[in-house]
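Listed here are the chains, written in short residue letters.
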Amino acid sequence: KASLKHTTDPKTLKKTKGEIEQCVKEYMDSEDVSELVRCFTEMKVPFMGHELIKKAVSVALDRGTREKELVSLMIAEVSGGSVTREEVDKGFEILLQRVEDLHMDVPKILEHLSAFVARAVADEALAPSFLLQAHIQEGDGGYEVVQQAQRLLAKSGATQRLSRVWGPSSGDSIHKLKKNVKDLVDEFFASNDAQEASQLVKTLPPHFRHEVVKRAFVLALSRQQRELDLCASLLKTLEKHKVIWRTQLERGLARIERNLEDMALDNLKAKDHYAELKQKLNIGPSTAKKGPEKQRQ
């Protein structure tokens, strides 16, 4: 299927938007985010990533907490991967600019959209700076959404609270996965058993294995050179044996890069350690602004 250009042809745009909406609705039935990613990627319209974000949130706004949680999970998964961060920002910005129109069909638009925005920031799908840089007018509905999102993020224990913003059990799965990753990395640092670590990584959903990359580096950074060396060794082993594909490896590194400035506040050598890690993994200069992934496990 030939790639579409940045077309303005109304018929083509309408057809593409319809296909994206169908992908979203199928995802809400299947709960299979990897299938949604495949569906969108095969359309070969990376410049329509904002439409995927906008449509998914719009559909979820009119549905229950299950669908809202699915969309929040999806946004966290695709951001910086199959959908560029610029497209994620654009999708949310369009939603903020249309709050008044959406209010007709969704009376609780301020409450729900602010929760989506705050959750996306907590999940690192949106940068905190988005709340300051979004193109919205003071006094508009979108401005109030941003203000409310900021209040949610300012609360004590915001990340934990927002993981359950759609209900008491909504964020349990993602937090359980993150805890599993932390535990397996801690265990590997203690035992240096790469084979056991590989088996544990294989139990994670393939699309979530980028978390191992980020978590291994973050945990190693707070320890000694031994753990930094083990981090590189583990990631090389996981890629060599195709437990983690290079696309997932690069995505994990991109997540590290986006938070490197903050890491450097706690560890002055964070940037040097990160550069050393990339050199050991034979990764190029920057992975933070990569476009859509071409291969997913």
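Residues numbered from 1 in each chain as written. Predicted model: local features only at pLDDT ≥ 70, side-chain atom pairs only at ≥ 80, totals over all residues. Heavy atoms only, no water.

**Points about the environment of Leu110**
Stage number 1. Topologically, Leu110 is positioned in helix 7 (residues 109–122).
Stage number 2. Classification of Leu110 by relative accessible area gives partly exposed; the value is 30%.
Stage number 3. Other than its neighbours up to four places away in sequence, Leu110 contacts Val99, Gly141, Glu144, Val145 and Gln148. (Helix = DSSP H or I, 4+ residues; strand = E, 2+ residues; numbered from the N terminus. Buried < 20%, exposed > 50% of the residue type's maximum accessible area, 1.4 Å probe, protein only. Contact = heavy atoms within 4.5 Å.)

**A look at the environment of Ile136**
Stage number 1. Mapping Ile136 onto the fold places it in the loop between helix 8 (130–133) and helix 9 (141–154).
Stage number 2. Between the alpha carbons of Ile136 and Gln97 there is a distance of 6.4 Å; along the sequence they are 39 residues apart.
Stage number 3. Leave out the neighbours within four places in its chain, and Ile136 touches Leu96, Gln97, Gly142, Tyr143 and Val146.

**A look at the packing of aromatic side chains**
For any pair of aromatic rings, geometry is given as the distance between the ring centres together with the angle between the planes.
Stage number 1. Within this structure, the stated rule accounts for 3 aromatic pairs.
Stage number 2. Look at Phe188 and Phe189: their rings are 6.1 Å apart centre to centre, the planes differ by 45°, and that puts the pair in the tilted class. Phe189 matches Phe188 in its accessibility class, with the two residues each being buried.
Stage number 3. Between Phe217 and Tyr274, the ring centres sit 5.9 Å apart and the planes meet at 70°, which makes this aromatic pair edge-to-face. Of this pair, Phe217 sits in helix 13 (residues 210–221) while Tyr274 sits in helix 17 (residues 270–280), placing them 57 residues apart in sequence.
Stage number 4. Residue Tyr274 is classed as buried on the basis of its relative accessible area of 4%. (Phe/Tyr/Trp six-rings, centres within 6.5 Å; stacked < 30°, edge-to-face > 60°.)

**Re the nonpolar core**
Soluble globular proteins tend to bury their nonpolar side chains together.
Stage number 1. Judged by nonpolar contacts, the single largest core of 55 residues is most densely connected at Val71, Met74, Ile75, Phe92, Leu113 and Phe116.
Stage number 2. Looking at this core, the element that brings in the most residues is helix 7, giving 9 residues.
Stage number 3. Apart from the residues lying within four places of it in its own chain, the contact partners of Met74 are Tyr27, Val33, Leu36, Leu52 and Ala56.
Stage number 4. In terms of nonpolar packing, the next biggest core, distinct from the first, is built from 36 residues, Phe189, Leu249, Met263 and Leu281 among them. (Core = buried A, V, L, I, M, F, W, Y, C linked by side-chain atoms within 4.5 Å.)

**Describing the pattern of salt bridges**
As a working rule, side chains carrying opposite charge can pair if their charged atoms are close by.
Stage number 1. Throughout the structure, instances matching the rule amount to 22 salt bridges.
Stage number 2. For Arg119, the salt bridge goes to Glu69, with nearest N and O atoms at 2.9 Å. Taken together, the positions of Arg119 in helix 7 and Glu69 in helix 4 (residues 65–78) put the pair 50 residues apart, joining distant regions of the chain.
Stage number 3. With a relative accessible area of 1%, Arg119 lands in the buried category.
Stage number 4. Residues joined by salt bridges that share partners form a network here, namely Glu124, Glu211, Lys214, Arg215 and Arg255. (Salt bridge = Lys/Arg side-chain N within 4 Å of Asp/Glu carboxyl O.)

**Observations concerning the state of the cysteines**
Stage number 1. If you walk through the whole model with that rule in mind, you get 1 disulfide.
Stage number 2. Residue Cys23 pairs covalently with Cys39 via a disulfide, S to S 1.8 Å. On the sign convention where negative means left-handed, the S-S torsion of about -55° between Cys23 and Cys39 marks this disulfide as left-handed. Of this pair, Cys23 sits in helix 1 (residues 10–30) while Cys39 is found in helix 2 (residues 33–42), placing the two residues 16 residues apart along the sequence. Like Cys23, the residue Cys39 is buried in the burial classification. (Disulfide = S-S within 2.5 Å.)

**Section: the packing of helix 3 (residues 49–61) against helix 4**
Stage number 1. Running from N to C, helix 3 and helix 4 point in directions that differ by 165°, and their axes come no closer than 8 Å. In terms of orientation, helix 3 and helix 4 fall into the roughly antiparallel class. Considering the relative orientation of helix 3 and helix 4, their crossing is left-handed. Judged by residue contacts, Leu52, Ile53, Ala56, Val57, Ala60 and Leu61 of helix 3 engage Glu67, Lys68, Val71, Met74, Ile75 and Val78 from helix 4.
Stage number 2. Looking at the contact of helix 3 with helix 4, its residues break down into 10 nonpolar, no polar and 2 charged. (Axes fitted to C-alpha atoms, helices over the stretch in contact; angles between N-to-C directions. Parallel < 35°, antiparallel > 145°, perpendicular 65-115°, else oblique. Left-handed = near helix turned anticlockwise from the far one by under 90°. Nonpolar A, V, L, I, M, F, W, Y, C, P; charged D, E, K, R; others polar.)

**As for the packing of helix 14 (residues 225–240) against helix 17**
Stage number 1. Where helix 14 meets helix 17, the axes come as close as 10 Å, and the angle between the chain directions of the two elements is 30°. As helix 14 packs across helix 17, the resulting crossing turns out to be right-handed. Contacts between helix 14 and helix 17 involve Gln225, Leu228, Asp229, Cys231, Ala232, Leu235 and Lys236 from the first element and His273, Glu276, Leu277 and Lys280 from the second.
Stage number 2. Grouping the constituent residues of the contact of helix 14 with helix 17 by class yields 5 nonpolar, 2 polar and 4 charged.

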